[in-house]
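These are the residues of each chain, in order.
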Amino acid sequence: MSRAQPDLDAVLSGNLCTGCGGCAAVAPDAVTMRMTTAGVLRPDTGGRPLPSPARDRIAAICPGAGLTLEGGARPEHPLLGPYLRISAGHAIDPELRRAASSGGVLSAMLVHLLETGTVARVWQTGPDPARPIANSTVQSTTANEVKAAAGSRYAPSAPLEGIEDALTSGLRHAFVGKPCDVAALRALAHLDARVNATFPVILSFFCAGVPSLNGARTVLSALGTSEAETARFRYRGDGWPGYATATLRDGRAVRMSYADSWGRILSRQVQHRCKLCPDGVGSFADIVCADAWETDDRGYPVFEERDGLSAAIARTPLGARLLRDAEIAGAIALSPLDPEALVAMQPGQVRKRRSAAPRLAALRIARQPAPVFSGFHLWDNARRAGLRAGLREFLGTIRRAARRAIGRGRVPSTTARCSQHLQHPSV
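What you see is a predicted model; the values in this text were computed from it and never measured.

Before going further, it helps to examine the side chain of H77. Relative to the assigned elements, H77 resides in strand β4 (residues 76-77). In terms of polar contacts, H77 uses its side chain to reach the backbone amide nitrogen of L79, at 3.0 Å. When near neighbours in sequence (up to four residues on either side) are disregarded, H77 contacts Y83, P339, E340 and V343.

Written out as structure tokens, the structure is:
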């Protein structure tokens, strides 16, 4: 018997929302995405109950409630998911390669799709013109517009909100989003036949989680400035891995290394649902790109500045064909990459996939809402991590669940009993 997925109320009460905007996409008259005081995007119903049809549609697509991955006949890696081709490479255009977060393969693919007429627009995330540390959904139609949106944006984004504009446009789009955004869009395609016609190409990138907008404010504070003084802000790019760079209203620029901005600040501001995610690797996309880090003797990525290099995974026959066409057209250069080499380059994704099962088990034992995931080999990955690592994740999650319950003034009995005996640090 399969577990029932949480509904929207449980997703919100359990802090499982990814902020993708899918609920606003299927119920635009009832749901609007709002930035909370905690610096995350959450659905706002205005205090009105949702009609049953809207609740059902939201439950069918919400990645906060759960994900079901079907690999089919494709080769499948327990950590990387289904794939047809795995490569490493870069954009041929040196300016695009430098502007992007890694080697620019994803951005070069978008330019190629536009210039060949495969799509008329790219639906993607870029800087918010009114608030430089925040994000907005943009529709790119030229290479310059793609370049302007290039580079990771470590802040909340809801690219599915407002997607009705694309669905009614009659134009073909390439969609670029976080893995959870892509999963929700794929689920929406089962409810709305316009999705596949409007978004024939869906791309994603490896994601380590969505930080609160307060994370960027903390970066600015560490740089000795503030949001009010900032005219432009880059989280990464303009080199590899690039710097978090604030250009101030007086023309000065201040910056912080990726190791400090992401490693010491932003990664600690990641929202709760992201810490449970089994799909930071974009398993539902046609093509997904990532940093192809060089690693040191301990197996950890080296963040010294150099020419960017992307990993690119084609997950569908369409994705494989588009990568090949872009190579032939001279838009990108690729070489084969062994799956285990990519795993070694992405230790954070390994930890995320292997920690998901014990963390989810802990939430259920603590009687907390938990998403339902299928097709991600979670217990097999947990076994590979070892009993000690799994127990540490389990106990850390139990402890945090107890703290949240105490903060809300209600402690489930199981959580309370467990918390009395825990001396392990949170992870």
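Now that the structure is up, let's keep going.
Once that is clear, we can look at the nonpolar core. Residues V31, I58, L160, I163, F175, L185 and F199 are the most contacted members of the largest nonpolar core, which totals 51 residues. Elements that contribute at least two residues to this core include exactly α1 (8-13), α2 (22-26), α3 (52-61), α7 (164-167), α8 (179-189), α14 (347-365) and α15 (378-385). In terms of residue count, α8 provides more of this core than any other element does, seven residues in total. Not counting the four nearest positions on each side in its chain, F175 is found in contact with W123, P159, L160, I163, D181, V182, L185, F199, V201, I202 and L203. Core analysis: the next-biggest nonpolar cluster, separate from the first, contains 42 residues, L79, A88, L213 and I265 among them.

Next up on the list: unusual backbone geometry. The amide bond that connects W240 to the next residue, P241, takes the cis arrangement and shows omega of 0 degrees. Topologically, P241 is positioned in the loop between β11 (230-234) and β12 (243-248). The phi torsion at N15 lies on the positive side, around 60 degrees, for a residue other than glycine. As for its placement among the helices and strands, N15 is situated in the loop between α1 and α2.

Read across the open sheet, the three strands follow the order β11-β12-β13; overall the sheet is antiparallel. Where the open sheet ends on each side, the last strands, each with one partner, are β11 and β13 (253-257). Each strand axis lies, on average, 15 degrees off the axis of its neighbour in the sheet, ignoring direction. By the bridge criterion, five bridges tie β12 to β13 in an arrangement that is antiparallel. Following the sheet pairing, A244 is matched in β13 by M256. Helix-sheet contacts for helix α10 (residues 213-222) involve β11, β12 and β13, and the interaxial angle to β11 is about 110 degrees.

Glancing now at the state of the cysteines. Scanning the entire structure with this criterion turns up zero disulfides. Left unpaired, C20 is separated from the closest cysteine sulfur, that of C180, by 6.0 Å. Residue classification places C20 among the buried residues on the basis of a relative accessible area of 6%.

The rules behind these values
- Residues numbered from 1 in each chain as written.
- Predicted model: local features only at pLDDT ≥ 70, side-chain atom pairs only at ≥ 80, totals over all residues.
- Heavy atoms only, no water.
- Helix = DSSP H or I, 4+ residues; strand = E, 2+ residues; numbered from the N terminus.
- Polar contact = N/O pair within 3.5 Å; in protein donor to acceptor, adjacent residues only side chain to side chain.
- Contact = heavy atoms within 4.5 Å.
- Core = buried A, V, L, I, M, F, W, Y, C linked by side-chain atoms within 4.5 Å.
- Buried < 20%, exposed > 50% of the residue type's maximum accessible area, 1.4 Å probe, protein only.
- Pairing = 2+ DSSP bridges.
- Axes fitted to C-alpha atoms, helices over the stretch in contact; angles between N-to-C directions.
- Disulfide = S-S within 2.5 Å.

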